[in-house]
Amino acid sequence: MKIRLKLNELKIGNLKICVFLLVVLNSLLNFTSCNYSFTGASIPAHIKTIAIPIFQDQSGSGESELSDMFTKQTIQQFIDDNSLQVTDRVNADAILEGTILSLTDAPSVVSSGENITTRRITLTVKVTYRDMVKKRTVFERNFSNYGDYPVGGDITTVRKEAIAQAVNRISEDILLAVVSNW
């Protein structure tokens, strides 16, 4: 009888330990999964600052504000992320240069009767990221993303919002490429 009682006590003790460990593990997973960042993920230790000169617009789109919008949004992404301090070209450890290659505006959703209900703005940007300390190009590649807008209503406003959405998405992609080297 005593042996059986001790086995039950041992099982209950082990169960309590398992439950406790599961609670602790779950708490740790919840805590770490809600709080992550790419900050410093793969940025070399010698790079602390970055310069982002104005993006050149070679798209021929006729969007007069596109270059300025792209540059400001990309700078803001880096400021918000806080992985690298944005500075001028002379003091920068790295430089991020961009050229807007194309802006296309094409039908995205066509309903019955061949009526276009949504259009898609697609932007493509060529970006060169240079390490000025080691005098080498880290990457040079194209980024492309989009923004959709409904046909009808105030086309000018919704089209500009779609362009801003595409610019924001590409700026995020550029930031991630720089800080996590994907």
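The rules behind these values
- Residues numbered from 1 in each chain as written.
- Predicted model: local features only at pLDDT ≥ 70, side-chain atom pairs only at ≥ 80, totals over all residues.
- Heavy atoms only, no water.
- Core = buried A, V, L, I, M, F, W, Y, C linked by side-chain atoms within 4.5 Å.
- Buried < 20%, exposed > 50% of the residue type's maximum accessible area, 1.4 Å probe, protein only.
- Helix = DSSP H or I, 4+ residues; strand = E, 2+ residues; numbered from the N terminus.
- Contact = heavy atoms within 4.5 Å.

## Comments concerning the nonpolar core
Counting residues in hydrophobic clusters, the biggest one holds 32 residues, and the most contacted among them are Phe-70, Leu-96, Leu-123 and Tyr-129. Elements that contribute at least two residues to this core include exactly α2 (66–81), β4 (94–111), β5 (115–131), β6 (136–150) and α3 (155–180). Element by element, the count of residues in this core is highest for α3, at 11 residues. Discounting residues that sit within four places of it in the chain, Leu-123 has contacts with Leu-66, Phe-70, Ile-100, Ser-102, Leu-103, Phe-143, Ser-144, Asn-145, Ile-163, Ala-166, Val-167 and Ile-170.

## A few points about the environment of Val-90
Along the polypeptide, Val-90 turns up in the loop between β3 (85–86) and β4. Note on Val-90: relative accessible area 77%, which makes it exposed. Each C-alpha atom, one on Val-90 and one on Met-132, is 9.9 Å from the other, the two residues being 42 residues apart in sequence.

In short, the description is geometric, and any link to function would need to be established separately.
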